[in-house]
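Per-entry structural report
The chain contents come next:
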Amino acid sequence: MEQSTKLTQSKLVATTVLEPKDDLNERFEQCYNVVNNIRNGMSDREANDALNSYVSKGPSQHEEVQLGLLYAILTDPAASVKSYRDMTLISRDAMSLVLRHTNQLIFEKWLKLLDNTRVQVIWLVRALVKSSVNGTESVCLSLLRQIAGGDVSQKNIWLTENMLDVFTENRSWLDKFPSLIATVVYTYLRVIEDHNGPMFVNLRPREVELCISLLREKWTDCIHIGRDLVRLLQNVARISDFERLWKDMVQNPSAIHAQFTGVQQLMLMRTSRKFLISRLTPDMETKLVFLVTKVKFGQHKRFQDWFQRQYLSTPESQSLRCDLIRYICAVFHPPNELICSDIIPRWAVIGWLLTTCTSNVAATNAKLALFYDWLVFDPEKDSIMNIEPAILVMFHSIRPHPAITATLLDFLCRIMPNFSLPLKVHVKQGIFTSLKTILDKRVLQSLSPLFDNPKLDRDLRALIRENFLEFCSQEVKEEPLNNKDVIEIDNGNHVDNNLSDDHAAFSDDDEDVPIGKLKLSETKFQPIQDTRYQPVDITEILPQLGGDLQDFTEQLQAEKDPEIQCEIMDRIMQTVLNEDEFDHETATPLATCLCEILSSHFSTSIFPQETDEESLEDSVGSPLFVMFRFLCTLSEEDPSRQPVLQLLGEMYSKQPRMGYHLLYFVKVGKVNDEKMSSYKDFCKSLDSKDLESCLMSDLKLAQEDDIRLFTFIMPDIYTNFPRIAIGNSELLNMIVSAIDGTQLQDLICQILQGHLVMFRKDSFLSVLISILKYWAQEFEDKLADLILSQVNKLSNTPKKRQRTGSTASSKKENASVEQVLSHLDHMRQVCRNISFLNNENIQQALQQIQQSASESLKTRYGDLLALAEDIEDVRTTRVLRGLPVRKAASASAAMGIDNRLGRVNKSKKQAQDYSDSATESSEDEEIKPRAKKRKKVIPVDEDSE
């Protein structure tokens, strides 16, 4: 008898067959049924009396009713007001039970809560705040914890905005809780960094207003955040309100608070762990702690890949790496037994996070997060565990990831004068104290492997000696480098075994790279400066413009409203067109001013989350695209077009991201430029670049900045620039090195629809053999087995089943055999893959083809088929000094193959001679291979290949 089971859906959380209702959910439903049974059919007053009477029986009855009413609020919006009123009237514990279970739901179930349940949680918080229930701030802290950094998904933004409404509308209530105030400031300062696109034009100003208000009015509460408050303020310092606050902190600290003495006072205060923990959601923290406490070194890669797919796969998630690094350095301090175990160490996790940074800005911020406690380190107050990961990352990266060591050393040198001018001396002292403590505590016994390494880049080595001379030994002599130069470190002589793993490395498949051959400019990690754009003081440049251009440019600089900015930019462009002589002397200062004013447009993502027509149109609603519209709407014959090209060219020389912004605008700006002639004309107007180099550099920047935008414009690149794009290996590498599964699927759909052509017939062959070569190297036996199976299938097809006069299937079979031979012959000539062609299954496949193939195929692929060993020899498995004779025969065949690779016009007689000579050389091993059968010599034409 079959018994069907039906999955009962929950009104509280999302359930599946794999994740059914748990005990907590069942408990809530049971309590809800108890409440419903009590007040069923009663009036409000009667129901309230009945509930009061029931809860008077004892604590368990009180808990049942409270949980039942809480479940009613969360699942039945229509009855929420009535249920909340009953809850407050019958409560015997000042609502502590309700608050405790609400916190439990938020911490453990938030990601699984249904959307309407989340709405009701916010409704409940508003009601609790309005009623001033003691302990409500704990629920607010729990919800703030669920606001994830580096996440601009709709659900995360919804929570961010709703909690902002709660705090803004109930400011007088918020002011009563100093700890909550500090957490609110820390949370919103952090997420403001992520909210920099056009979709946040309404949210971001409100976040800024709340933070500025709390910082200025509640400074004594906010200062308890500690030194990480300075780090977060630096990340948003370009926002005008925070810029003014920062100036007051540096130049006039008493204006903020009478007892505030300046940034140094704040930097000397250690950040409480609760703030650093608050920037990781509970789910994220659980998985990170599992990684650093349960996963063994060597088995960590798949866990790291999973974590990256879950939390670090979007462009916005670049900023999350700082939160993770600060947590690992300052919060998670493993005990000695964990340090001495084979669990993946902290420094390795941090090294992995650094290598996954694809944005220069994110990489710089990540390095600052790593070294942040070094800047003001005091061994009496701060733990050495805060600074240990950074030095071990540098030490252990020398061999497998020398670029990381080089860029971190460069950063350490440059952070001292560049972090803050008033703190220059203090920062230098803090870093020196950190290094001395590292040596005193024997984290490293010597800094020589780092500071005195002769294979470091010469400029970097000089910079290190300039800044850390007292930690360097005598001058290191220059050593010539050759291809075998690598850095060898005797870990046992330099590292305390209690603090590191002697044989630790980031990846088993990374090759050693001589640091001397790595220039800083060649690594993905750059010095501390933001490479997107170097700020310029345009105060003295503006007067060079004069007249209307100066007036309009100053207005553009002062205006913050995007729509008004666009209007002002339109006037600037009209003035440029009407200028009698718009020459280099005018274009250069104007370009400098515009690049500075519009710098924020180049440092934020312009591509919208949703790709509907309205969102795409809104994404090009900034002053920069007003300039592009002028270029695209002017005809090629219009003389006014030349000043526009000149101005854009000057801006491009200062801000190269102009290029891919123009490509994006031509695609979505509705300017009827299907062939991208405007972009082509723009590239032609540049003196320093041709179209191909200009396009490739623009696409490279787009790929680094925003992979979604890069993928979005890619079909148009292949359509409008076929000569450059189709078959371009560099462009193909850009695509496959960065796209995820969803973006790959989009490209596949474009290809299947005929909108995208990425290869010509003559260019695709090299890519497909590249693939086969990789398979042959990594999965030799599997590929050989598949090829043999295919040959067997073709060879064993019964000929009599073919219809008389039908040649379709025959042609298909012949074509398949020919394809197999074609690919194998290409590997013979181009890839020179001896071991694969010598595989037993490949040899057997060649034998079968040789027996069944047509004479034309045997003639065409004679050199390949001549490599087939006798099938009996291939299967010989006698032992030759511990090795199978098959391997000896393979070595014999290898000599024959090696002398045939890439050659033509060789007869089988010659192949037999090579094989015989190799066999004779093995006779002294006292093993006599079986005599080979004579093979039929296949004549080869003199001009055949």
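Residues numbered from 1 in each chain as written. Predicted model: local features only at pLDDT ≥ 70, side-chain atom pairs only at ≥ 80, totals over all residues. Heavy atoms only, no water.

Topic: the overall build of the chain
Across its full length, the chain holds 52 helices and 2 strands. The contacts in the chain between residues at least 6 apart in sequence include a share of 74% that link residues at least 24 apart. (Helix = DSSP H or I, 4+ residues; strand = E, 2+ residues; numbered from the N terminus. Contact = heavy atoms within 4.5 Å.)

Comments concerning the state of the cysteines
Disulfides are covalent bonds that link the sulfur atoms of two cysteine residues. A complete count under the given rule lists 0 disulfides for this structure. No disulfide involves cysteine 322; its sulfur sits 7.4 Å from that of cysteine 357, the nearest cysteine. (Disulfide = S-S within 2.5 Å.)

Quick word on the layout of surface pockets
Approximately 1,100 Å³ is the volume attributed to the second largest pocket. If you go around the second largest pocket, you meet 44 residues; those closest to its centre are Asp151, Ser153, Ser313, Thr314 and Gln609. Counting residues per element, the ones that place at least two in the lining of the second largest pocket are helix H8 (154-169), helix H17 (282-294), helix H18 (301-311), helix H39 (707-720) and helix H42 (741-752). Class assignment of the residues belonging to the lining of the second largest pocket gives a composition of 17 nonpolar, 16 polar and 11 charged. (1 Å grid on protein atoms, 1.4 Å probe; cavity = no way out; pocket = protein on both sides within 12 Å on 5 of 7 lines; lining within 4 Å. Points joined across faces, edges and corners; volume = space filled by probe spheres on them. Nonpolar A, V, L, I, M, F, W, Y, C, P; charged D, E, K, R; others polar.)

Observations regarding helix H13 (residues 228-235)
Burial analysis of H13 places 6 of its 8 residues in the buried class, the great majority of the element. Among the residues of H13, those classed as buried are Asp228, Leu229, Val230, Arg231, Leu232 and Leu233. (Buried < 20%, exposed > 50% of the residue type's maximum accessible area, 1.4 Å probe, protein only.)

A closer look at the packing of aromatic side chains
Aromatic ring pairs are defined here through the distance separating the ring centres and the angle between the ring planes. What the rule picks out here adds up to 25 aromatic pairs. Ring geometry for phenylalanine 371 versus phenylalanine 411: centroids 5.9 Å apart, planes at 20 degrees, classification stacked. Here phenylalanine 371, found in helix H22 (residues 360-371), pairs with phenylalanine 411, found in helix H24 (residues 402-418); they are 40 residues apart in sequence, far enough to count as distant. In this structure phenylalanine 371 comes out as buried when scored by relative accessible area, which is 0%. For phenylalanine 411, a relative accessible area of 1% puts it in the buried group. Relative to phenylalanine 665, the ring of phenylalanine 625 has its centre 5.8 Å away and its plane inclined at 20 degrees; by these criteria the two rings are stacked. (Phe/Tyr/Trp six-rings, centres within 6.5 Å; stacked < 30°, edge-to-face > 60°.)

Section: the environment of serine 272
For serine 272, the position within the fold is in the loop between helix H15 (263-267) and helix H16 (273-278). Sequence separation between serine 272 and valine 331 is 59 residues; the distance between their C-alpha atoms is 9.0 Å.

As for the confidence of the model for the chain
Do not read the fine detail of predicted coordinates wherever pLDDT is low. Averaged over the chain, the pLDDT score is 79; the fraction of residues at 70 or greater is 79%. Confidence drops under a pLDDT of 50 for residues 1-7, and excluding neighbours within four residues, the segment shows 4 contacts in the predicted structure. Confidence drops under a pLDDT of 50 for residues 870-945, and excluding neighbours within four residues, the segment shows 95 contacts in the predicted structure. (pLDDT = per-residue confidence, 0-100.)

With respect to the environment of isoleucine 707
Within the secondary structure, isoleucine 707 is located in helix H39. By relative accessible area, isoleucine 707 is classed as buried at 11%. Linking isoleucine 707 and aspartate 740, residues 33 residues apart in sequence, is a C-alpha distance of 9.2 Å. Discounting chain neighbours no more than four positions away, the residues touching isoleucine 707 are Pro315, Ala702, Ala738, Ile739 and Gln743.

Considerations on the packing of helix H34 (residues 623-633) against helix H35 (residues 641-654)
Where H34 contacts H35, the axes come no closer than 9 Å and their chain directions differ by 140 degrees. Between H34 and H35, the angle is such that the two are oblique. The hand of the H34/H35 crossing is left-handed. Where H34 abuts H35, its residues Met627, Phe628 and Leu631 lie against Arg641, Val644, Leu645, Leu647, Leu648 and Met651. (Axes fitted to C-alpha atoms, helices over the stretch in contact; angles between N-to-C directions. Parallel < 35°, antiparallel > 145°, perpendicular 65-115°, else oblique. Left-handed = near helix turned anticlockwise from the far one by under 90°.)

Some remarks on the packing of helix H29 (residues 547-558) against helix H31 (residues 584-597)
At a minimum axis distance of 10 Å, the contact between H29 and H31 shows a crossing angle of 10 degrees. Considering the angle they form, H29 stands roughly parallel to H31. Listed contacts from H31 to Leu549, Thr553, Leu556 and Gln557 of H29 are Thr586, Leu590, Cys593, Leu594 and Ile597. Split by residue class, the contact of H29 with H31 holds 6 nonpolar, 3 polar and no charged.

Let's talk about helix H4 (residues 80-90)
Of all the residues in H4, the buried ones are Ser80, Ser83, Tyr84, Asp86, Met87 and Ile90. Down the axis of H4, the buried side of the element spans an arc of 160 degrees, and every buried residue falls inside it. Seen from the buried face of H4, the exposed residues on the opposite side, beyond 90 degrees, are Val81 and Leu89. (Arc of directions from axis to C-beta.)

Comments concerning unusual backbone geometry
Here the phi dihedral of methionine 95 falls at roughly 70 degrees; this positive angle occurs in a residue that is not glycine. Mapped onto the fold, methionine 95 is located in the loop between H4 and helix H5 (96-109). Judged by its relative accessible area of 5%, methionine 95 is buried. Positive phi, close to 60 degrees, is recorded for arginine 442, a residue that is not glycine. Its place among the elements puts arginine 442 in the loop between helix H25 (424-440) and helix H26 (448-451).

Observations regarding a nonpolar patch on the surface
A cluster of nonpolar residues, Leu744, Ile748 and Leu752, forms a patch on the protein surface that exposes about 300 Å² of accessible area. Tracing the backbone shows leucine 752 in helix H42. (Patch = residues over 30% accessible without salt bridge, like charges linked within 9 Å, V, L, I, M, F, W, Y side chains within 5 Å. Areas by Shrake-Rupley, 256 points an atom, 1.4 Å probe, with all protein chains shown as cover. Salt bridge = Lys/Arg side-chain N within 4 Å of Asp/Glu carboxyl O.)

What to know about the pattern of salt bridges
Tallying each qualifying case throughout the model produces 33 salt bridges. In the salt-bridge network here, residues are joined through shared partners; they are Arg227, Asp228, Arg231, Arg326, Asp373 and Asp382.

Quick look at the nonpolar core
Ranked by size, the top nonpolar core spans 171 residues in total, and within it Phe167, Phe242, Trp374, Ile391 and Phe468 carry the most contacts. No other element matches helix H10 (residues 178-192), which puts 10 residues into this core. With near-sequence residues (within four places) excluded, phenylalanine 242 lies in contact with Leu189, Ile192, Val208, Cys211, Ile212, Leu215, Leu233, Val236 and Ala237. Counting 82 residues, the second largest nonpolar core, distinct from the first, contains Leu556, Phe682, Tyr718 and Leu747. (Core = buried A, V, L, I, M, F, W, Y, C linked by side-chain atoms within 4.5 Å.)

Some thoughts on the side chain of asparagine 162
Note on placement: asparagine 162 falls in helix H8. Reaching out from asparagine 162, the side chain makes a polar contact with the backbone oxygen of tryptophan 158 at a distance of 2.8 Å. Beyond its immediate sequence surroundings of up to four residues, asparagine 162 is in contact with Ile122 and Arg126. (Polar contact = N/O pair within 3.5 Å; in protein donor to acceptor, adjacent residues only side chain to side chain.)

Some points on the side chain of arginine 171
On the secondary structure map, arginine 171 appears in helix H9 (residues 171-174). Side-chain polar atoms of arginine 171 contact the side chain of aspartate 175, separated by 2.7 Å.

Some points on a negative patch on the surface
On the surface, Asp548, Asp551, Glu554, Glu579, Asp580, Glu581, Asp583 and Glu585 cluster together to form a negatively charged patch. With respect to the element layout, aspartate 551 can be found in helix H29. (Lys, Arg positive; Asp, Glu negative; His and termini not counted. Charge placed at Lys NZ, Arg CZ, Asp CG, Glu CD.)

What to know about the environment of leucine 837
With respect to the helices and strands, the residue leucine 837 is situated in helix H46 (residues 834-837). Through-space distance from the C-alpha of leucine 837 to that of leucine 867 is 8.2 Å; in sequence the pair is 30 residues apart.

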